[in-house]
Amino acid sequence: MKCRSVACIWSGAPLYHRITSAAVLATPPTLYTGGSDGSIVWWNLSGTDSDPEIKPIALLCGHAAPIADLGICFPVVDNSSNMKVKSMPAGHGALISACTDGVLCTWSRESGHCRRRRKMPPWVGSPSMIRALPTNPRYVCIACSFMDAVHLFDQHSVDLVEGSEASMDRESQHRKPPKCTVVIVDSYSLTIVQTVFHGNLSIGPLKFMDVILSPENCEVQSALLVDLYGKLQSVPIPKDPTLGGESGVGLNKGSSHLDMTIWEDGLSEGGLVVSIATRGQFFVLVYRTCCIFRLLASGTAIGKISFVDNHLCFEDDSTHLHIMGGMFLEGNDASTMLISEDPCDIVEENFIVWNDRGSALVYSVSYLHGLFKFQPLCEIPAVSCPRDARLSISFIQLNHYLLRIESICFHTEEPLLWKPLVTIWPLYQQPDDNGNSCPRCKMVGRGGLFIDSVGGFASFHKSEVHGDDVGIEPTGRETKLTYQRSSIPSPEKFNNFCRDDEKYSFVEKEQVVSSSMVISGNFHTPYAVVYGFYSGEIEVVRFDTFFHLLESHGKSPRAEVDSHASKQHLNGHTGAVLCLAAHRMVSNFNRWNFNHVLISGSMDCTIRVWDLDTSNLITVMHQHVAPVRQIILCPPRTDHPWSDCFLSVGEDFCVAFASLETLRVERMFPGHPSYPGKVVWDGARGYIACLCRNYSGTSDSVDILFIWDMKTGVRERVLRGTASHSMFDHFCKGVNINSISDSVLNGNTSASSLLLPVTEDASFSQSHVKHSGKGITLSNMIMTNISEPSTSQAHVSEVSSMKVVSTSSSVFQGNKHPIKCSCPFPGIATLIFDLASLMSHSLKHEFIGNVGDKQENTHMKKLGTETLKPHHMTADDGSDLNGTLANTIEGHDLISSLERYLLQFSLSFLHLWDVDSELDKLLVTDMKLEGPWKFIVTPGFQGDRGSLTLTFPGLSASLELLKSSSEFCALKSLTMVSLAQRMVSLSHSNSAWCSALAAFYTRHFAEKIPDLKPPSLQLLVSFWQDESEHVRMAARSLFHCAAARAIPPPLCSQKAIDHVKPMITTNSKRANEDGSSNIENASRDGRDSDTPPEMPGVSQVEECKILAWLESFGEQDWISCVGGTSQDAMTSHIIVAAALAIWYPSLVKQNLAKLTVHPLMKLVMATNEKYSSTAAELLAEGMESTWKECIGSEIPRLVGDIFFQIECVSGSSGNAAAQNHAVLVNIRETLVGLLLPSLAMADIPGFLTVIDSQIWSTASDSPVHIVSLMTLIRVVRGSPRNLIQFLDKVVNFILQTMDPGNSAMRRTCLQSSMTALKEVVRVFPMVALNDSSTRLAVGDAIGEINNASIRIYDMQSVTKIKVLDASAPPGLPSLLSGPSETTVMTAISALSFSPDGEGLVAFSEHGLMIRWWSLGSAWWEKLSRNHVPAQCTKLIFVPPWEGMSPNSSRSSVMATILGHDGQANSQENAKGSGDMDCLKALIHNLDLSYQLEWIGQRKVLIKSHGRELGTFQL
């Protein structure tokens, strides 16, 4: 499992977001807006009805192309209905998004992250519209087409060209029929389950699509396709959504074509269609000047609304406007009051239309008995903005509000600079006091990316955002941003807002970021953030936090560097900086005086190379005649001279290959038919792949892949169609295998991490380690002179610098970087902290282990001659002095310091500052932790396949994500608690503040934020078997702290609900419905069940709910957060239920243990590397208290299955891979060390029967026998009293494993058998072994009065040689027999052989007797095998001692002889309890502390609990 926490760094410059689509979710009120750059903004609607607020919460990053459409789906799985949903419970809605590049994403509203990210196959085309199926909203209908290159050639310019619609009519005469695909996609898995249509349309290019129901049958669905001219084509959707699929089987190329020639008149009257709306059996075609209402069945026009003389089309100054869209509105109560028998009647509906300036009219329309009526209800005023500004307007309904979504652009030369704004309008307006039937609505709220909690994105580039109340408050540390609630204007200001042009004021173009990237240093922490601006300026801002920590240790390579050098400004470009890359020179043939370079490509068609150490310009390259969009660095394992080269991609359709050694262009790769948007460099094979997307609308248009040979410059192959995408994916996988950062992107570049495919968990190639000297980029180079402005400063603190640089390079040269950097969009940098890498204990071991590696030393020496001459030292014999450093105490301390500083850097960026001021003060003063004060840092977390959820600046957005996402809470808390515990292990001086930090994220966090979402228990248990002990302990601690608040509703008992109710009542601020999610849902489940919660037992309905929850896997958002599978979801449910049943039985339903135990047993036997060990631990821990009652009779079978599993694991270990073998060994250790002893203690007779049968049913050298012996040892130590009555069977089993007749078993088990036998002798005083280990005596600890005996075994032959009678004193059989000769009493309390081994003495607490037997040592004694019980030679009665235990069965010999009190008490006890109760009481009171010690030849000493009771002469 992967635990990755994200810290997002905002540039401070405005985030521009041109909205292309929108979607709303009613519960909870949520708005999603998709942008032209691929970003999606998540907005929350809150506040009161009279004062609503809409705020941006997070930026959803999953697309790198313009968002084509957004839709709402319900990706839930119902196992009981064949994967179909029958209802859509509140809170299960999700967003599905599609971009023009064919990537689909589903975003969970509950957790806020991307639960699935997938790219559609290329034959489908480019998605354009998404509609959920009305009958089953789990499935969505997606219409795809091949869009015109005029619109999509440049993804950075998506604005429609005015007047292009008129030209399309003329061009369509010469075009081929447009190609279209309509598919049904499962929103849960994002797989195509049905291909509805694939082929050429009978109408024009697709403009709109909707899913409608048949008038005759509401279960029959059709996809209604509409072109730009109003022509329709209906394609039926089959009922079964599982036919077809991605292979295209069963394509429906024919369709029912609605040939409506009457629409030609409408076309000449209304022009081109701008929008379409459907409602029931009607649809509306919205033209630029009118709306025409038609029937779906016949296409007959039933009404028309014209806007020719309306203010929607003309303003006072005769400005020509036009209609932009229209839609039906929901929630008109008046329509429910009227009933019409004719299905073709519109009873009463509300319909809204709006123009291109944002002005809108809401109409009430009706169609009864053939009469169409419409009446305006209210008016929404237009947007007030300058005339030369470009507007993009749309409306959408959210509950009882209308949201106007505005995007405005002032910079006509830069089409990307769009500013979004969302205004809130009441849906229904009452007539005003003047009697106006169409009153003007008043805005009640607004929100934007500059107005709400972000506080105007207070620029850190010396910019000022107008109109926002952003306070700059000086503190003792740094300048700190403060955001005030008063920054949100009042409703009165909102109403005047439309007349205030200042609301659209923009910051200067020089302050807008056009590209950005993060440079990763070799300390595995980010080195700097680089921003490129539209003005052509470049700014480099360094992370000083880590290096300040090094300076405090006195070993920083930049200890004497001026602090003002932390920021650099590079000027020279005359156009926007579009791409960036950073590279450290590798070759030792570098004849230039630079090592660390920055490469920038610009809109001015030039490429500039800068020296990052001196901020000087090195050269300017002019290989392109169009803007430069991409710079691609060499991948790992690239040979010289290609290792210091880069590729540049321009809009002139050319790819250039330039060298940093020669500062010249070495190759040009021309001839691409379009801009190669995706370019991959395979350094291992020496090829580059350039994928050119073809956006022509013809049916034969295909994408083209060009493969070039880097060495010769020859075009090797050209692939078209789907083969081009397959080959390109193959290239990406090959590059990703050798990538250190798990990405196809090489080195440090500004290319979006979302642009190229992401392969999760790319394995680190061993050949990469061997060839790591080839193509070493900045990510794996040893960093020297990090920020020295001149070479003269390189000699400052040379010795300490050498230690830091050389050591850190070796220490942190792991397979994966602990901190990975990316920039999904310009101005947004993300630092992804991988917990597994941060917590890895292999840092020191790997460093020490690599010291003697000749290959590594050779590689380090090579690097030393190339780039590290001042810092890397070698001895005269060629050995690496770094190895000597590692073996010194100072080297070990330095390694620990570097690891500690890395953890401190992570804590600095991941901690939620300003939530607990006392904790912040403690971290700053005691820990000396420097917060990221100079950056705007917000939290986030990762979704499926590299997708990201990034909260906007401001604490409120971060807290909103914490209140809604249990997955985010779990990941955040787990990361912080694990890092704190790791810091304690590195230095105990940190224990105070680390404990405070861990306590805050474990307990106090929920106290500070009462309505905080409890962490996901399923996610936490997935880390219970993590490799790091700190992560395991943190996950278990968080589980216990959150269990009472996070019990899943199907498992929650009424007591748990009552327990949490007072907590809910005291938190009066818990107003939103997510605050008591689990407990309130559990309460509802309890009320819905057939049996009242307070009644004992659980109804069958509730049992079904529990079983359904245990087997469910469809609603688990946490899976994609940690890279899990559906199997992980099901197994984690079992683990959570078992843990709750053991540790919190009063808070869960009564029969949870009974329903969970069998799935838990199956999980144990499944040998699952992630969960089987955990399941075995839980089964062992709760065996006595919970599980024994449920599976008492099944324990022997389970023991046999475990033995079989152990045999299989041991047998396959020789053939298994090393990793699998380690997993199996871990599982075996858990089974043997924990589960088997607990099972044996729960059912000792069954366990002894099973192990005895294993003697004959398994091989003599089977490891099962050793496991049985080891388990016996644990049982003897853990539960000796329960084993006392089966002592003879235990000894017999041990002796069988030592049988000389079975040499194979004896050879295998002898050592373990003797260990077990000696442990039995040590624990049980009634078992004795003589000093020479030749004789063994086993006495009956509990037995009948007249049937007790002692067995004597010869250890050489492992046979029984004699039986001694220990039943009653000789000569007095009738007096001591008592009323019953079968009464079970304690027989032998202790045994001991004489020093010479020829005699045996026994002490019996019952009767207080010492008996002596003379065994003899003659050889005929061994041969006789006489098993007739032998009487004792001597009997001594022991007087009672002071403080003798009252549990003794007699106080004196005479009391036993007379038997009055004893018989009376015995009879009375027999009446009150049964034989089993008497036996249990006898075992419970059995004293195992008696010892017999020999003093001299014929004296014996009795001891109990170390106390001497008496010495007796034999």
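Look a little higher up for the structure.
A brief structural summary. Just so you know, these numbers come straight off a predicted model, no measurement behind them.

So, how was this worked out
Residues numbered from 1 in each chain as written. Predicted model: local features only at pLDDT ≥ 70, side-chain atom pairs only at ≥ 80, totals over all residues. Heavy atoms only, no water. Helix = DSSP H or I, 4+ residues; strand = E, 2+ residues; numbered from the N terminus. Contact = heavy atoms within 4.5 Å. Core = buried A, V, L, I, M, F, W, Y, C linked by side-chain atoms within 4.5 Å. Buried < 20%, exposed > 50% of the residue type's maximum accessible area, 1.4 Å probe, protein only. Expected span 1.5 Å × (residues − 1). Axes fitted to C-alpha atoms, helices over the stretch in contact; angles between N-to-C directions. Parallel < 35°, antiparallel > 145°, perpendicular 65-115°, else oblique. Left-handed = near helix turned anticlockwise from the far one by under 90°. Nonpolar A, V, L, I, M, F, W, Y, C, P; charged D, E, K, R; others polar.

Some details on the side chain of H725
- Within the secondary structure layout, H725 lies in helix α6 (residues 722-737).
- Beyond its immediate sequence surroundings of up to four residues, H725 is in contact with P122, L691, R693 and D703.

A closer look at the nonpolar core
- If you look at the biggest cluster of nonpolar residues, it comprises 205 residues, and the most contacted ones within it are W1187, F1324 and I1350.
- In terms of residue count, the dominant contributor to this core is helix α16 (residues 966-986) (eleven residues).
- Filtering out sequence-adjacent residues up to four positions away, I1350 remains in contact with A1337, V1338, G1339, K1362, V1363, L1364, A1366, I1388, L1391, L1400, A1402 and W1413.
- Counting 33 residues, the second-largest nonpolar core is a separate cluster that includes A143, V211, A223 and V235.

Comments concerning α16
- The end-to-end C-alpha distance of α16 is 30 Å, a good match for the 30 Å that 21 residues give at a rise of 1.5 Å each.
- Within α16, 18 of the 21 residues are buried, which leaves the element mostly enclosed by the surrounding structure.

What to know about unusual backbone geometry
- Of note, the bond from T27 into P28 is cis; its omega dihedral lies within 30 degrees of zero at -10°.
- Mapped onto the fold, P28 is located in the loop between β2 (19-25) and β3 (30-35).
- Backbone geometry at D914 places phi at a positive 70°, although glycine is not the residue there.
- Structurally, D914 can be placed in the loop between α13 (889-910) and α14 (917-925).
- Residues other than glycine seldom take positive phi values, yet H1505 does so here, at roughly 55°.
- Positionally, H1505 belongs in the loop between β63 (1499-1504) and β64 (1507-1513).

What about the packing of α14 against helix α17 (residues 991-1008)?
- The N-to-C vectors of α14 and α17 enclose an angle of 150°; their axes lie 10 Å apart at closest approach. Considering the angle they form, α14 stands roughly antiparallel to α17. In this structure, α14 meets α17 at a crossing whose hand is left-handed. Contact with α14, carried on its side by L919, L922 and L923, involves W993, A996, L997 and F1000 of α17 and no other residues of that element.
- For the contact of α14 with α17, a count of residues per class yields seven nonpolar, no polar and no charged.

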